[in-house]
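Geometric and topological summary
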Number of protein chains: 2
Amino acid sequence: MPGRHAGAGLPASGIHRRPRSTVVTAPGACPVNAPETHLSDLPAQPLDERLSLTRAPFAASRKAYIAGSRPDLRVPVREIALSNGETVVVHDTSGPYTDPSVSLDVRQGLPDVRSRWVADRADTEAYAGRLRQAEDDGGRDDNERIARLRTEAAALQRQPRRAVSGANVSQMHYARRGIITPEMEFVALRENGRREWMRDYIGDAEREQRLRGDSLGASIPEVITPEFVRQEVARGRAVIPANINHPELEPTIIGRNFRVKVNANIGNSAVTSSIEEEVEKLVWSIRWGADTVMDLSTGRNIHTTRDWILRNSPVPIGTVPIYQALEKVGGVAEDLTWALFRDTLIEQAEQGVDYFTIHAGLRLPFIPMTTRRRTGIVSRGGSILAKWCITHHRENFLYTHFEEICDIMKAYDVTFSLGDGLRPGSAADANDEAQFAELRTLGELTQIAWRHDVQTLIEGPGHVPMHLIAANMAEQLKHCHEAPFYTLGPLTIDIAPGYDHIASAIGAAMIGWMGTSMLCYVTPKEHLGLPDREDVKQGLMAYKIAAHAADVAKGHPGARARDDAMSKARFEFRWNDQFALGLDPDTARDYHDETLPKDAAKSAHFCSMCGPKFCSMKITQDVREYAERGMAQKSAEFKAAGGAFYVPIQPQP
Amino acid sequence: MPGRHAGAGLPASGIHRRPRSTVVTAPGACPVNAPETHLSDLPAQPLDERLSLTRAPFAASRKAYIAGSRPDLRVPVREIALSNGETVVVHDTSGPYTDPSVSLDVRQGLPDVRSRWVADRADTEAYAGRLRQAEDDGGRDDNERIARLRTEAAALQRQPRRAVSGANVSQMHYARRGIITPEMEFVALRENGRREWMRDYIGDAEREQRLRGDSLGASIPEVITPEFVRQEVARGRAVIPANINHPELEPTIIGRNFRVKVNANIGNSAVTSSIEEEVEKLVWSIRWGADTVMDLSTGRNIHTTRDWILRNSPVPIGTVPIYQALEKVGGVAEDLTWALFRDTLIEQAEQGVDYFTIHAGLRLPFIPMTTRRRTGIVSRGGSILAKWCITHHRENFLYTHFEEICDIMKAYDVTFSLGDGLRPGSAADANDEAQFAELRTLGELTQIAWRHDVQTLIEGPGHVPMHLIAANMAEQLKHCHEAPFYTLGPLTIDIAPGYDHIASAIGAAMIGWMGTSMLCYVTPKEHLGLPDREDVKQGLMAYKIAAHAADVAKGHPGARARDDAMSKARFEFRWNDQFALGLDPDTARDYHDETLPKDAAKSAHFCSMCGPKFCSMKITQDVREYAERGMAQKSAEFKAAGGAFYVPIQPQP
């Protein structure tokens, strides 16, 4: 399996990292330029034989589909069959990979989902596309393996489409014209999911009253209709990132009044990783619940990597185009030009990227505001643009050319993710002048984008101690006209490298509750190195927890039902059901089995935490039975004795 | 190394668990009764040769001491030497284990810290102690190894002390009489730590204003004085758990106006673990930052296990005496009696247990309130008492005999931890009638305890979605007269078995910020099995993060300085300093070294996340240099041209 540099020697900490496949760098070679030699890789081997893609359905689960109003519109869900005959139906981001009835070949890409929907709108045209250039891939790798990947990727290419002259093909444009698109219907069905099974869990009046959520000002309807989706998209309070050139996409919606979404970051760097590993990470990410994935590659073969990713992704893909632009000018920020950047936007839009991070709010006069910061500018894109601005002493070209960017976005329906290049990278810099100056500019830019009906997300921090999080949400709501907020965490402390997924899950859960629409995950490798597959999974677990905690706190309809089903399974000692209902069934089962591996233990009324005598749930069941018998008996005695024997004890006030 | 049941086969998930030593159970034997055969254990081997106790100081760290007002009073701290000549001084819970100048033998126990302080008060007497009985250890294990452990433990025994007739030896009693004890001075020095090094990090006026914490109603002084400690203890708003029979204790204080504390749980169960493993867990827990440790053993050899734990613990030890009482009656809850329980309290108080969880608030009339619950009664002790009450149809004997318990507590200075036996074990049960009925009773009991000057903690939930957490804090403050709150999490969702340390760190951070004084950790094994060493560490990392996030949000003086030092080290690419300053230096280093293991990389101005061209921190440094040069140059040009060339661009409003 493709891998990368092995750590030197055994980790001193005894931490339990799985062994990695070894990649050998030529001794003494600078890690930046050394070619990779994969011990297990024969140059003639096709990609899919080198990949390790997990296709197994989850425990006790099968893929099912909710039918829409047209035969080519069906929404995937996952059905979990419990041992007591119940079915629990949950949201499913894993795509066709977990549908055994679909045969897949990564060299062909995923099945088409929506090119008919696009074609039916009759406002786009196929065209030759921009001429491919060597610099698109950095021009540096020419070994046999990479050449083969490029050739195979060429087989993946679809002919690009764009808006016909004068047309605007964004979902917002349709929404504002009163049109409900198939994409809107799809996401409405997806957000509701199937809910009949929830009746057992959310029908109790006392419980519903006591546990009633607090959405802190959101407006979440009991049932999401396509019309509601249209309204939210029309007013900019939600986005459906769906480039017309990404027909494999199973659309999703991002907005405060919908389920909180999670993004996973993948992508290589100059130091490590490979195309194969990135495709594996994509499939792995969506298996574990990523609603969108960003390809943040900054190393070699950025274009080819993205081909493989896009054609095989059922979720929206985001990028930061300035990275590839920087690679094209050999890493010299000062050499960036608007023309080169514009060309890169078109290149990526033709491939089908669904959203672009654009740091157009990082303006020249804001840069001096960062000089007293503890950690300066921590955004890659932000620092690149800051360098350009300072070197040329000119305003950020993304800001000055913003409307031209809008023209490109609306021709393909690429969604803006307006970057927070000046986000704080340490608690010390939280909520400072530079950060909020940029945020206010993002608000201005949102208005411009919306004049072009271009869908827009607003990116957010970063590193923010808990007591300063509410102010972030308030400022964003105030200045950005309810455009969806998309934060990175935030991290609530700085002293936990190796555990920043936890330090930031705390902030993410809180800001998700307060109204943030999408949470960009953080992995255990944050601040230390590029995440691998296991890190991707750990980051996703932490962020699915944060997102779900937010949904439950907001009172999102039905959110609590899965927790309730889990608790019922726990109380009834249905161990296999507990595992199947969890975010990570494999790990839950493995942890249980470390101390009680036998099958008989799967119906045991205890686990190794307390053992059979001390299991509180078991004892509770005894108590209940006794109480029911006892109370019936006491009641009979009372009546027989004319009311003298049993005197209820009043609870103390 | 002693271990336990190995998991069957390779974990399907590919999760990275370290290999475990194998313990073989006789085939077909019920896991409850099977004797353990340790492959690596020769019966004649002494305990300390079987233990694996980590004594190495942390990276770049050494133990130092803050001198108090008397020669036998010195407070441990950890000094971290940074590569730029700075020193950072942090709180240290790891005890003499990390002081290489102290030679230790677990069979002798730790050095004496405070028996002179106790003796100087001249209000206690040594006495023979209660007669040891076979049932104290469950009477079931008689193999050679256990017999040897018991004999070695006998060598650990100290002669117990108790208050002379009529005396009250609690810290609260002294505090209310205006006496500042050495314990109070110790914790005051410990809470402040050494702060001179912080000047570089918390002296900036703009930053202090912008980042000023919000303690949500706490009253945290800039410097903790022994007099302030006395006042807090006198009014019951803080406790110093410090049994007179625990002379090895390095005291700590638990209260809203002090650093948020973290408790780790250890202890065997009937299914798994051993005395040796529990001692290892103790030392491992305090290494990773546990401020107190609870021994929750429910299996064999409870008394002997506790001997080993107490004599070797520099942190307060808590227990739940009803567990051992239940073992003594062979697991039959109905057979529990007040006399047996009272005897168990004395047994444990003589050993030196610093705090007891006592579920005295779980009253008979509250039990029917749990019948409609999703997960009933999840507290072990709570369910045991509920069974007793229902079976006998009598009021909880802990409630009816509460003042007699107080008489025992005050003779040894054992602190109450009034148990939340009716805490919610699922989101569905959060904040229900049963939970708050018990909480109100805990408030009543607090008043009674305080009439006896017995120090008191209040235990709290549990499973509570984020939006319901504030109500928990409010109710506790309202009903429990500001006695310190000590919560288990709370967990904010139920669907993440395997990751409940994260699901609960979110709730713990929030409730810590709101005023909870101590957070009881949750490990990845929660709901699945007994935690092992690695789980203990993972739980502690999550909870040190939560506690620190709370301290920073509250604006605890100096809390933010360590984050700042970390951020400075990060910005200056002092990698070794980053590792040394983290909560887990070993893991941070190992993660970094997975992709960049060479020593040269430790001063590299990048890591493998972005590589050398894309490292934002590196680029920021370039930007700063350029900006400083550029601005100086522009300024000169401006002046030379009489003001015509340089026109500042105003930031947009």
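Everything quoted here is computed from the prediction, not taken from an experiment.

1. Let's talk about the overall build of chain A
A count of helices and strands for chain A gives 24 helices and 18 strands. Taking all 653 residues of chain A together, 68% fall into the buried category. Pairs at least 24 residues apart make up 76% of the contacts formed inside chain A by residues separated by at least 6 positions.

2. Looking at the pairing of strand E16 (residues 456-460) of chain A
Residue and element names in this part refer to chain A. Along E16, 5 of the 5 residues are buried, which leaves the element largely enclosed by surrounding structure. Burial along E16 is two-sided: the face carrying Thr456, Ile458 and Gly460 and the face carrying Leu457 and Glu459 are both buried. Where strand E15 (residues 415-418) meets E16, 3 bridges bridge the pair, whose relative direction is parallel. Bridge pairing links Ser417 to Leu457 in E16. On the question of chirality, the crossover connecting E15 to the parallel E16 by way of helix H16 (residues 433-451) is right-handed. When E16 meets strand E17 (residues 485-488), the two strands line up parallel, connected through 3 bridges.

3. Quick notes on helix H10 (residues 302-311) of chain B
The element H10(B) is extensively covered by neighbouring structure, given that 10 of its 10 residues are classed as buried. Among all positions of H10(B), only B:Ile302, B:His303, B:Thr304, B:Thr305, B:Arg306, B:Asp307, B:Trp308, B:Ile309, B:Leu310 and B:Arg311 are buried.

4. Section: the pairing of strand E3 (residues 61-67) of chain B
Residue and element names in this part refer to chain B. As paired strands, E3 and strand E4 (residues 74-81) are joined by 7 bridges and run antiparallel to one another. Within E4, the residue paired with Ala64 across the bridge is Val77. Where E3 folds back on E4, the antiparallel hairpin that results is connected by 6 residues.

5. Some thoughts on the relation of the copies chain B and chain A
Superposing chain B onto chain A requires a rotation of 180° together with a translation of 0.0 Å along the rotation axis, leaving an RMSD of 0.0 Å. The relationship between the two copies is best expressed as a two-fold rotation axis. When the interface residues of chain B are mapped onto chain A, 100% of them again fall at the interface, so both copies present the same face.

6. A word on unusual backbone geometry
Generally, phi is negative for residues other than glycine and the peptide bonds are trans, each holding for most cases. Across the junction of A:Pro461 and A:Gly462, the peptide omega takes the value 10°, indicating a cis bond. The residue A:Gly462 is located in the loop between E16 and helix H17 (469-479) in this model. Backbone geometry at A:Asp413 places phi at a positive 60°, although glycine is not the residue there. You can see A:Asp413 is positioned in the loop between helix H15 (402-412) and E15. Accessibility expressed as a relative area gives 0% for A:Asp413, which makes it buried. One non-glycine residue, B:Leu216, adopts positive backbone phi at about 55°. Along the chain, B:Leu216 turns up in the loop between helix H7 (205-211) and helix H8 (226-234). When its relative accessible area of 37% is taken as the criterion, B:Leu216 is described as partly exposed.

7. Things to note about the domain arrangement of chain A
Domain annotation for chain A reports domain 1 (114-560) and domain 2 (605-639). The centre of domain 1 of chain A, based on its C-alpha atoms, is set 52 Å off from the matching centre of domain 2 of chain A.

8. Comments concerning the sheet that holds strand E6 (residues 87-91) of chain A
All names here are of chain A. One open sheet holds the 3 strands; their spatial order is E4-E5-E6, and the pairing between them is antiparallel. The open sheet terminates on both sides in strands that have one partner only, identified here as strand E4 (61-67) and E6. In this sheet, neighbouring strand axes are inclined to one another by 40° on average, regardless of whether the strands run parallel or antiparallel. For strand E5 (residues 74-81) and E6, the ladder comprises 5 bridges, and the chain directions are antiparallel. Paired with Glu79 across the strands is Val89, a residue of E6. Relative to the sheet, helix H5 (residues 182-192) contacts E4, E5 and E6, its axis offset from that of E5 by approximately 15°.

9. Thoughts on the sheet that holds strand E5 (residues 87-91) of chain B
Residues and elements named next belong to chain B. Spatial strand order, E3-E4-E5: 3 strands in an open sheet with antiparallel pairing. Taken across any chain shown, the strands that pair with only one partner, and hence form the sheet edges, are E3 and E5. Between one strand and the next, the sheet's axes are offset by a mean angle of 40°, whatever the strand orientation.

10. A short note on the packing of aromatic side chains
Where two aromatic rings form a pair, the distance of their centres and the angle of their planes describe that pair. All names here are of chain A. This model, assessed by the stated rule, comprises 22 aromatic pairs over all chains. For the ring pair Trp284 and Trp288, a centre distance of 5.7 Å and an interplane angle of 80° mean the geometry is edge-to-face. The two residues Trp284 and Trp288 agree in class, both being buried. Ring geometry for Trp338 and Phe341: centres 6.4 Å apart, planes at 35°, overall tilted. Highlighted residues: Trp338 and Phe341, both in helix H12 (residues 338-351), separated by 3 residues, approximately one helical turn. In terms of burial, Trp338 and Phe341 fall into one category: buried. Taken together, the aromatic side chains of Trp338, Phe341, Trp388 and Phe397 make up a single cluster linked through ring pairs. Lying over the aromatic face of Tyr127, Arg162 brings its terminal NZ or CZ to 3.8 Å of the ring centre. Over the ring of Trp288 we find Arg287; its NZ or CZ atom is 5.8 Å from the centre of that ring.

What counts, and where the lines are drawn
Position numbers for residues start from 1 in each chain and track the written sequence from start to end. Going through the entries in the order they are written, you letter the chains from A and number the ligands from 1. It should be noted that, the model being predicted, local features are given only for residues of pLDDT at least 70 and side-chain atom pairs only at 80 or more, the latter also being counted only at that level, while totals for whole chains, interfaces and linings use all residues. Computation of side-chain values covers all heavy atoms of the structure but excludes hydrogens and water. Each helix corresponds to a stretch of at least 4 residues labelled H or I by DSSP, and each strand to a stretch of at least 2 residues labelled E; elements are numbered beginning at the N terminus. Three exposure classes are used, based on accessible area relative to the maximum for each residue type with a 1.4 Å probe and protein chains only: buried under 20%, partly exposed in between, and exposed over 50%. By the convention used here, residues are in contact when the closest approach between their heavy atoms is within 4.5 Å. In short, DSSP must find at least two bridges between two strands for them to pair. By definition, the crossover connecting two strands over a helix is right-handed if that path, from the first strand to the second, turns clockwise as seen with the strands pointing away from the viewer. Only residues with pLDDT of at least 70 in both copies count here: their C-alpha atoms drive the least-squares fit that superposes the copies. As annotated, the domain borders come from an automatic or database domain assignment. Where helices are involved, their axes are fitted lines through C-alpha atoms of the stretch in contact, as for all axes, and angles between N-to-C directions lie from 0 to 180°. Only centres within 6.5 Å qualify two rings of Phe, Tyr or Trp (six-membered ring in Trp) as a pair; their planes then separate them into stacked at under 30 degrees, edge-to-face at over 60, and tilted for everything else. Note on geometry: a ring has a charge over it if NZ (lysine) or CZ (arginine) is within 6 Å of the ring centre and within 35 degrees of the ring normal.

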